[in-house]
Structures are given as C-alpha cells and as structure tokens.
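# Coordinate inspection notes
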Protein chains: 2
Amino acid sequence: MVTIKDIAKKLGISISTVSKGLNGASDISADTRQLVLDTALEMGYIGKRTKNSLSKHVCIVILHLPYSNIDEYGYELISGFCLAATENNYMVSMVSIDDLQKAHKNYDTAMEMLGYHGAFFVGLTKDDAYLEQLQSTKIPTILFEEPVQNPCVGTIGVNVAEGIQQCVSYLHEQGHRRIAFINGLNNCAAANMRMEGYRRGLDLVGLPFEERLTGSALFYPPVSVKDFIPVFLEEKATAIVCGNDYIAAAALSELMQRGLRVPTDISITGFDDNPVAKYLSPPLTTINENRLGIGRTALIMLDNLTRNGCTGVMLTHPKLIVRKSTGKYVSQRY
Amino acid sequence: MVTIKDIAKKLGISISTVSKGLNGASDISADTRQLVLDTALEMGYIGKRTKNSLSKHVCIVILHLPYSNIDEYGYELISGFCLAATENNYMVSMVSIDDLQKAHKNYDTAMEMLGYHGAFFVGLTKDDAYLEQLQSTKIPTILFEEPVQNPCVGTIGVNVAEGIQQCVSYLHEQGHRRIAFINGLNNCAAANMRMEGYRRGLDLVGLPFEERLTGSALFYPPVSVKDFIPVFLEEKATAIVCGNDYIAAAALSELMQRGLRVPTDISITGFDDNPVAKYLSPPLTTINENRLGIGRTALIMLDNLTRNGCTGVMLTHPKLIVRKSTGKYVSQRY
C-alpha cells in the first residue's frame, strides 16, 4: 500500500510537505499542493477513503433550494437519496459548495481530499463553481436537472412537458375542448418545458393553440393569475391547466370570488403535488413528480456509475393524481 | 398464504377450473381464465414465482435485431444485462414475443403466468404486439430505445445526436472548418437524431449548415456514398462525419481510390465502434455507445423499478474514440 513516505520519496520533498499538501494547508505553494495531490492520486494513495472502507462515502451538494421541511422542494429528493444510500451501504454527507471549494478549487481534488466516492448535486446552475469542471471530471457525479456531456456525469430530472401533456389529455378525455393554460413566468427552462407540454398536449388531441387561452404568472407568488381569468371566461374556457399548485390555488380562489364552482363550472389542474394540494377545497388534481423516487434513483445511478454501468440524462415519468378539482364536461354552465 | 382452494372458494368454482385458468388450459372460456388470473393476482397468489424464491426471474424479449455474435448489434446489450443480472441475483430467460403471446394475449397475465418479475425488450417497434398494452402495464419493464409514458416502463437509449455533435466539435478543435456529413437514409429516427446532432454541432462552433456538404446513404450497405464524395471535394471539405462505421469505411475506400490520403487530406469519423472499426486502415475515429454498459444499466433500472425507485427515459452519453482516421487541419492539401 502506498504511504505518505512513498509520495515524499517520489517527489524528493519532506513527509511534512506531503502531509500539508494532502490536508490543504495554506503554508505551502498552490503548485506544490497540486503536485502532491496529483502524485497521490496517480500512485493510488487512497487518503481518507480508507477510514470508511466498509461503506462508500458520497456527498450531497445542495444549492439554491430549500430542503429542511417536508413541504420544501428538496426535502423528498434528499430523503429518497439517503434511504437508498442506507439500503445500499453508502454513507452520505451533506456539504456546501463552499466546503468543497475550501478543500480545493479543483473538483476532483476536493472530492479526493474529502474522501467522497461520488456526489449528487441538487440545484446547480450555470453560474455555480465547478460546473465547467464537471464537463471533464472523472468522479462519478449525478446532477439534478442540469445536463452535462460527460460519461462520468449523469443527470436526473422530471419530464415536465410529459406532465402538462397528461393534464391536457386527461381534461380532453373528460370532454373539455376549451382548455386554458397559466404557465409560470416565461423564459426559464421550467416554463419552456411546460409550454412545450401544453402545445404537444393540444396537438395530440387535435385542439388548436389559442393565444387568448394562455397566460404567465410568477411561479411564486402567483400574483397576476387574476388578470387572466376574465379573458379565459370570455373565451368560454371550461378547464385551466396551471404551471404549479400555487398558481392553481390562486386560480381556484379567483374563480370562487367570482361565484364560479370548481369543477362544476371549470376544472383546474396543478403541478408538483405539494402537501397543500390535497387540502385545498376542492382537493387539487395535479402532477406528482415522485421526488422520493427520484432521490432514490439518483443514488442508484451513482452506484451504477461506480460499477461500470453507463449514465446519461434520465427524464422521469411524472404521474397524474386525480382529485376533485376536475370533472366531466357536461355543458357550458356559466 | 393464498392457495388455489381459496381462489376457488372466492369465485364459487371448482379447484380444477382455477388450476386450468392458472395454467392457461384451453378447455375453459377466455372470460373464466381471465377472471381466475385477475382474482389470483388480486389475492396475492404468487404462482410460479415461488419456485424461484431465492432469486427474481426476469426475461429478455429481443426482436428484429441480431445478437448471436459479438459483432452484431444486440450482443453486448444482452451480455451486459446478463452480467449485471448475475451480480444482482437475478435469473434471466430469453423469450420470444410469440412465447409470451402463446402464454396469454394480455401482457401482464402472460408475465405472471410465466413467473417473470420484469422484462427487457430490445428492438420493439410500433407494430409489435404488446406495445399498446405497455402504456398501462403494472409489470416493471425496460425498453431499448422506444419511449412509453407509463411510470412502470423505463426506456434506455443512446443520445445519438450528442455523439455526432461530439464528432463535429472534435473536428473543429482540430482546425477543420469544411466539415461534411453523410447520414444514413432519411426519415427514420436514427437518421433524424444524427442530423440534429450535426446541425447542433455546427451551431455550437459557429459554422453554417450547407446543403452541398451533406448526403444520405443507406446505413447498410452504404452503396451511394461514392456519389457524394466528388461534391464534397469540389466544396473543399477537409473532414467527413459519417452516420455509421460502414458509411465511414465506404468513404475511406472511395477516397483511397481517388488517391487521397486519410487523414492527411481528409479526416473521417464513424459511429458505433463496430469491431471492424479498429481494423480499418487507418483505424477509425468513431463513437462508442458502450452497449455493454447500457445492457448493465437496463438491469439496474429494472431492479430499481421493483424497489420503489422511479423510471423514465434515459439517454446515455456516447463516447468519442479517437484513432488514426482524423488529424489536425494544416492547409488545404488537395
């Protein structure tokens, strides 16, 4: 087994310098530190990994996304990942991207120094540190939603377009022919995919796309929802597909204030199946992303990468949850 | 544990009728057989599965695709799946779609009767039996390349567009600016994805799309390749991206017959990394799909589905294999 002494001997430097290099001490030059780390990697010195030889150690790096409470977006992703990790003999640490950066500016080196065999990034965006390095990393890494062209990096995300398309198809099956759509605000991937799903859904059932049956509100808070409702009513909409559950809740409230009944007069669908969705009145028909399953699958993808499996971009099937906010079209009621 | 007797009692029919229903005998009506099977499923009667209680039993259904020899397309998919199955304590059977159909016209019932916990379909097309039933099956099923919107059905396929795009980017990095493309014949998904990759590749490096730098040959045999070469030469192409290794081999041979040198005068890339690619002269730069890894990952996806994981469409990252048929652009040599 390679020791610190072997590395020192190979590089012709002192054992304490090698030790400083491996532990990220700041009183040696960056070049020396990199040289030590590169040599340690090359010689197969395992470092901190040996401490956890019975189970592999992976980390979750979560950014820009709340996850502490069950009603926050990241919660189930993290729980699912951790549950699958336990079942598959993995240890999981949560680290911030700052922790990694403090260890080393180079992603692969930071992971090696901290003893992680792989990572699951949630919420990474194009502006974050490491995204460029992920294009060429050799460390098994799974990203939530952000695709990167590298055989060592997999991506898992929800097929959002498929979810919205399911709402349109379902409403059409229920007899609706005037199906409006309130998207989240334009020009972000989440909104573009929803619009793609709406258009594809209309296409599949043979309905035309009509500008006046669409609108965009903020995903949260959905303040402008009330501006679109009067137009939809003029246009005799009998169903409204909403970009998320908050938008659906706002639409529901606006319709009630106007004395309209859901679903008797108008059917409504949400997206996300937030915990609040089932407590609305009426309980909301919505799309469940199975985030617990996605977290679980992220760990399985990571494990597969460490065992000669291959990876890529996985877009998961979302699931329509039918509750009481949608009903059969009978006749124009308002 | 539920027995045949319990089922008979519940349905108010004889034990022998239940037994006939479970074993697919033809001397009872189709309705009765279906009723028996539905009831057996509902009551949790496990049937043939109990015979293999120590390992789960899954099947591979392979259609329209040769797989017996190492140079045939399906070979590595099947090997990878079987290797991963062995490591994960699964038994695998190969069955034909006719075998399944003989057991029962209903897919879920056939799988239950034959004792399979899940299936991997390779080569299924829109015309095949069961495709429609796969839209609503509850049996964990993984398909190669064919997407189906059902949370119980996953799909794995290669991101072909990404592969062709990698060829274009790589050739651009090598200094090439006149990059031609011979696709497989138009109007099939395989060709459309390749064209998408070529256009996206040009786009990313800032080169215009030019009709006269493109052509379509049959994927196999690539007879019309020779028709495009003179046009490409007139257009001063210095590199040719090919839709597969057979097209690349034909282009190579055509260029040699015209006294041109590869890669000195013109660089060539293939696609698939067929066993023959490395034996061409010069050995071919090409795209490897890692079909062994895909087969392995299909089993992992199937296993994940049986353990509350979720699934969807996974498009895997292909890998550029640089050999000797590509080189740096120096100056126009011919």
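Residues numbered from 1 in each chain as written. Chains lettered and ligands numbered in written order. Predicted model: local features only at pLDDT ≥ 70, side-chain atom pairs only at ≥ 80, totals over all residues. Heavy atoms only, no water.

### Quick look at the interface of chain A and chain B
Note the threshold: Any two residues whose heavy atoms approach within 4.5 Å are treated as being in contact. By buried area we mean the combined loss of accessible area, with a 1.4 Å probe, across both parts when two parts are placed together. By definition here, a salt bridge exists when the distance from a side-chain nitrogen of Lys or Arg to a carboxyl oxygen of Asp or Glu is within 4 Å. A 3.5 Å cut-off defines polar contacts: any pair of N or O atoms within that distance qualifies, except that in protein one atom must be a possible hydrogen donor and the other a possible acceptor, and neighbouring residues in sequence count only when both atoms are side-chain atoms. A helix here means a DSSP run of H or I that spans at least four residues, while a strand means a run of E at least two residues long, and both kinds are numbered starting from the N terminus. When residue character is reported, Ala, Val, Leu, Ile, Met, Phe, Trp, Tyr, Cys and Pro are called nonpolar, Asp, Glu, Lys and Arg charged, and the others, Gly included, polar. If DSSP finds at least two bridges between two strands, the strands pair.
Contacts between the two partners involve 29 residues from chain A and, on the opposite side, 29 residues from chain B. Counting the surface lost from both chain A and chain B, the interface buries some 2,200 Å², and carbon and sulfur atoms represent 57% of this. Summed over the three residues of chain A that lose the most area to chain B, namely Gln149(A), Cys310(A) and His317(A), the buried surface amounts to 30% of that side. At the junction of chain A and chain B, the tally comes to 0 salt bridges. On inspection of chain A and its partner chain B, the count reaches 16 residue pairs in polar contact (both at pLDDT 80 or more). Among the elements of the structure, α7 (160-173), α11 (291-305) and β11 (312-316) of chain A are those that each provide at least two residues to the side of chain A that touches chain B. In terms of residue class, the side of chain A that touches chain B is built from 10 nonpolar, 14 polar and 5 charged. Pairing between β11(A) and strand β11 (residues 312-316) of chain B: 5 bridges, direction antiparallel. Its bridge partner lying in β11(B), Gly312(A) is registered against Thr316(B).

### A few points about the sheet that holds strand β9 (residues 267-269) of chain A
The strands making up a sheet associate through hydrogen bonds between their backbones, and the pairing can be parallel or antiparallel. Residues and elements named next belong to chain A. Note the following rule: Only the stretch in contact is used when fitting a helix axis, every axis being a line fitted to C-alpha atoms; angles between N-to-C directions are given from 0 to 180 degrees.
As summarised here, the arrangement of the 4 strands in space is β7-β6-β8-β9, forming an open sheet in which the pairing is parallel. Looking at strand neighbours, the two that pair on one side only are β7 (214-216) and β9, the edges of this open sheet. The average undirected angle you get between the axes of adjacent strands in this sheet is 15°. Bridge analysis of strand β6 (residues 179-183) against β7 gives 3 bridges, and the strand direction is parallel. Counterpart to Phe-181 in the pairing with β7 is Thr-214. Seen against the sheet, helix α8 (residues 189-205) touches β6 and β7 and runs at an angle of roughly 170° to β6. Most of the contacts of helix α9 (residues 225-234) go to β6, to which it runs at about 165°, and overall it touches β6, β7 and β8 (239-242).

### Side note on the packing of helix α9 (residues 225-234) of chain B against helix α10 (residues 245-257) of chain B
Residue and element names in this part refer to chain B. Here is the rule we go by: Angular relationships are summarised with four words: roughly parallel below 35 degrees, roughly antiparallel beyond 145, roughly perpendicular across 65 to 115, and oblique for the angles in between. Note on convention: near helix rotated counterclockwise from far helix by under a right angle means a left-handed crossing. Clockwise means right-handed.
Contact pair α9 / α10: the axes reach a minimum separation of 10 Å and the direction vectors enclose 60°. Taken together, the axis directions place α9 and α10 in an arrangement best described as oblique. For the crossing formed where α9 meets α10, the hand is right-handed. On the side of α9, the interface is formed by Val-225, Lys-226, Ile-229 and Leu-233, while α10 contributes Ile-247, Ala-250, Ala-251, Glu-254 and Leu-255. Here the residues of the contact of α9 with α10 sort into 7 nonpolar, no polar and 2 charged.

### Overview of the pattern of salt bridges
Residues and elements named next belong to chain A. The cut-off we apply is this: Relative accessibility under 20% of the residue-type maximum defines a buried residue, over 50% an exposed one, and the middle range a partly exposed one, all with a 1.4 Å probe and only protein chains included.
All told, the structure shown has 24 salt bridges over all chains when counted by the stated rule. Of the charged contacts in the structure, one is a salt bridge between Arg-296 and Glu-87, with a shortest N-O distance of 3.1 Å. Here the residue Arg-296 occupies a position in helix α11, and Glu-87 occupies one in helix α4 (residues 75-87), the gap between them amounting to 209 residues. Look at Arg-296 and you get buried, because its relative accessible area is 12%.

### Observations regarding the nonpolar core
Note the following rule: Remark: nonpolar core denotes a set of buried residues (Ala, Val, Leu, Ile, Met, Phe, Trp, Tyr, Cys) joined through side-chain atoms within 4.5 Å.
The biggest cluster of nonpolar side chains holds 126 residues, and the ones touching the most others in it are Ile268(A) and Ile268(B). Not counting residues within four places of it along the chain, the set of residues in contact with Ile268(B) comprises Ile240(B), Cys242(B), Ala248(B), Ala251(B), Leu252(B), Leu255(B), Val262(B), Leu284(B), Thr285(B), Ser325(B) and Thr326(B).

### Describing the confidence of the model for chain A
Residue and element names in this part refer to chain A. Heads up, the condition is: Each residue carries a pLDDT score, the predictor's own confidence in it, on a scale running from 0 to 100.
For chain A, per-residue confidence averages 90 on the pLDDT scale, and 96% of positions sit at 70 or higher. Taken together, the stretch residues 48-53 has pLDDT below 50 and engages in 10 contacts with residues farther than four places along the chain or on a different chain. What the predictor reports for the complex is a pTM of 0.79 with an ipTM of 0.75.

### Digging into the relation of the copies chain A and chain B
This is how the line gets drawn: A residue counts toward the fit only if its pLDDT is at least 70 in both copies, and the copies are then superposed by least squares on the C-alpha atoms of those residues.
For the pair chain A and chain B, the relating rotation is 179°, the translation along its axis is 0.0 Å, and the fit reaches an RMSD of 0.3 Å. Within this description, the copies of the chain are treated as partners about a two-fold rotation axis. If distances are taken from each C-alpha of chain A to the rotation axis, the shortest is found for Met314(A), at 1.9 Å. A high fraction, 100%, of the interface residues of chain A reappear at the interface in chain B, so the copies pair face to face through one surface.

### Here we look at the sheet that holds strand β5 (residues 153-158) of chain A
The 12 strands are arranged β2(A)-β1(A)-β3(A)-β4(A)-β5(A)-β11(A)-β11(B)-β5(B)-β4(B)-β3(B)-β1(B)-β2(B) in an open sheet whose pairing can be described as mixed. The strands lining the two open edges of the sheet, one partner per strand, are β2 (90-95) of chain A together with β2 (90-95) of chain B. Neighbour-to-neighbour, the strand axes of the sheet open up by a mean angle of 20°, direction not taken into account. Pairing of strand β4 (residues 141-144) of chain B with strand β5 (residues 153-158) of chain B, which is carried by 4 bridges, proceeds in the parallel orientation.

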